[in-house]
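Breakdown of the fold
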Amino acid sequence: MKKSPWLKTLIGSALLSLSLSHTTMASDDTIKVGVLHSLSGSMAISESALKDTVLMLIDEQNKKGGLLGKKLEPVVVDPASNWPLFAEKARELLAKDKVAVTFGCWTSVSRKSVLPVYEELNGILFYPVQWEGQESSKNIFYTGATPNQQAIPAVNYLLEQGVKRFALLGTDYVYPRTTNKLLEAYLLSKGIDKKDIMVNYTPFGFSDWQSIVADVKKFASEGKKTAVISTINGDANVPFYKELANQSVTPEQLPVIAFSVGEQELLGVDTKPLVGHLAAWNYFESVDTPENKKFIAEWKAYKKDNKAVTNDPMEATYIGFNMWVKAVEKAGTTDPDAVEKALVGIEVPNLSGGTAKMLPSHNISKPVLIGEIQDDGQFAIVEQTDLVNGEAWSPYLPESKNLIADWTAPINCGAYDKVKKTCTKIK
């Protein structure tokens, strides 16, 4: 029997409806997890490992049965070290892919690019890298170090070693500029003269370090013990360290303490001339704990590479992922408002010892470690603190000295003035 055009249309519509229904059901069978890290451009040297970390953690969680009876499905995008593109990709993850959570960003400028998107669309972002503070968002959970968990303890360590002059070298964007502004204020409060503080900024991907290193050597030759505090980010670190070696800069003469150089970045550098230079983080691969040994073994197995290294932002990603899983289980849903509330107070083990706790400020507790570069690209830990609670706002800057972040009732504010007892905004 010949079907009428009307009947064909009706059957076609029914089949299309069934297909769409099946697609919706299929997508409802998974929980989508956004991965927003640069896989190309100047930051790929650092961020690509974090993408793989999230994929490994998703794989492990799925082997445990998933979450809320569903498998986790990664959605990976490449913002390509392009800061406006981060916002575009974030919007795509939230509006199109409907991810329940995002793990992503490295630089503060990329985080600031996506922040209004996550606030507008009410998404959750876990940010796993050391940062400058002076910000707090209901939608962002900061598992990297705040200045009081990295920069300030690093300066204290140098002061204890008798350092009297400081060269602050950074990449030209918000994290180094804000951190160095804070450090200048802190150093002045410790009695360091302004003329004993040198500041220099260079673009992303900068490679011609010859004259800058020469200027720092000259600055260090004026009779006071001098150190470099480096907030140089991304692949610019490779030529920077090579130039230190070229100009025979030793840690005995001029120690460098870095905030953005870990095991991953040292893979591209001959570390033998750098032995003794320093880094300040909250985790090193050389940490001797059962949790860390297990994590390292899982990472090498996942990468199928016995030479694969771990680093601090990987640990911060590990902490954030496990906190999110526990919060979803506690809330019984992936609804962002419910998960955001459930996250505060969640505790998971730090790989470097102790327990990380999500604080009302959306920062976490973690120890501070100072490490010396070794000739195998690892770090020997020379100092480790007890757990330190992350602070979003610096007490050393006049505009923020009275501010706290607290996203729990009754305050529920990212910038609460303790003196005026009001919620305020800082520009």
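Structure: above.
As a starting point, this report considers the structure included with it. (Residues numbered from 1 in each chain as written. Predicted model: local features only at pLDDT ≥ 70, side-chain atom pairs only at ≥ 80, totals over all residues. Heavy atoms only, no water.)

1. Side note on helix α4 (residues 108–121)
Under the convention used in this document: In this text, helices come from DSSP runs of H or I with a minimum length of four residues, and strands from runs of E with a minimum of two, each type numbered from the N-terminal end. Working rule for helices: expected span equals 1.5 Å times residues minus one. Note on bend: at a given residue it equals the angle between the axes fitted to the 7 residues ending there and to the 7 starting there. Burial classes follow relative accessibility: with a 1.4 Å probe on protein chains only, a residue under 20% of its type's maximum area counts as buried, one over 50% as exposed, and anything between as partly exposed. Note on definitions: a residue-residue contact is assigned when non-hydrogen atoms from the two residues lie within 4.5 Å.
Compared with an ideal rise of 1.5 Å per residue, which puts 14 residues at 20 Å, α4 spans 20 Å between its outermost C-alpha atoms and is within 8% of the ideal. Along α4, the sharpest change in direction is near 30° and occurs at valine 114; proline proline 116 comes one to four residues later. Among the residues making up α4, those that are buried are Ser108, Ser110, Arg111, Ser113, Val114, Leu115, Val117 and Tyr118. Here the buried face of α4 lies against β1 (30–36), α3 (83–96), β3 (101–104), β4 (125–127), β5 (140–142) and α6 (174–189). Within two residues after α4, asparagine 122 carries a phi angle of roughly 55°, on the positive side.

2. Overview of the sheet that holds β3
What counts, and what does not: Pairing between strands is defined by DSSP: at least two bridges between them are needed. An axis is simply a line fitted to the C-alpha atoms; with a helix, the fit covers only the stretch in contact. Between two such axes, the angle follows the N-to-C directions and lies from 0 to 180 degrees.
Strand order across the open sheet formed by 5 strands is β2-β1-β3-β4-β5, with parallel pairing between neighbours. Every other strand in the sheet has two partners, leaving β2 (71–77) and β5 as the edge strands with one partner each. Each strand of the sheet is rotated relative to its neighbour by a mean of 25°, with strand direction disregarded. Pairing of β1 with β2, which is carried by 7 bridges, proceeds in the parallel orientation. Within the sheet, the bridge partner assigned to isoleucine 31 lies in β2 and is leucine 72.

3. Details of the packing of helix α2 (residues 44–63) against helix α10 (residues 312–331)
Our working definition: Note on convention: near helix rotated counterclockwise from far helix by under a right angle means a left-handed crossing. Clockwise means right-handed. Under the scheme applied, nonpolar residues are Ala, Val, Leu, Ile, Met, Phe, Trp, Tyr, Cys and Pro; charged residues are Asp, Glu, Lys and Arg; polar residues are all the others, including Gly.
For the pair α2 and α10, the least separation of the axes is 10 Å and the interaxial angle reads 35°. The element α2 and its partner α10 pack so that their crossing is right-handed. The segment α2 lies against α10, with Ala49, Leu50, Thr53, Val54, Leu57, Ile58 and Gln61 engaging Pro313, Met314, Thr317, Tyr318, Phe321, Val325 and Glu329. Across the contact of α2 with α10, the residue classes break down as 10 nonpolar, 3 polar and 1 charged.

4. Section: the side chain of glutamate 243
Just so we agree on the cut-off: Under this rule, positive means Lys or Arg and negative means Asp or Glu; His and the chain ends count for nothing. Whenever a carboxyl oxygen of Asp or Glu lies within 4 Å of a side-chain nitrogen of Lys or Arg, that contact is scored as a salt bridge.
With respect to the helices and strands, the residue glutamate 243 is situated in helix α8 (residues 237–246). Although glutamate 243 is buried, it makes no salt bridge; lysine 217 carries the closest opposite charge, 8.0 Å away. Those residues in contact with glutamate 243 that sit more than four places away from it in its chain are Trp209, Gln210 and Val213.

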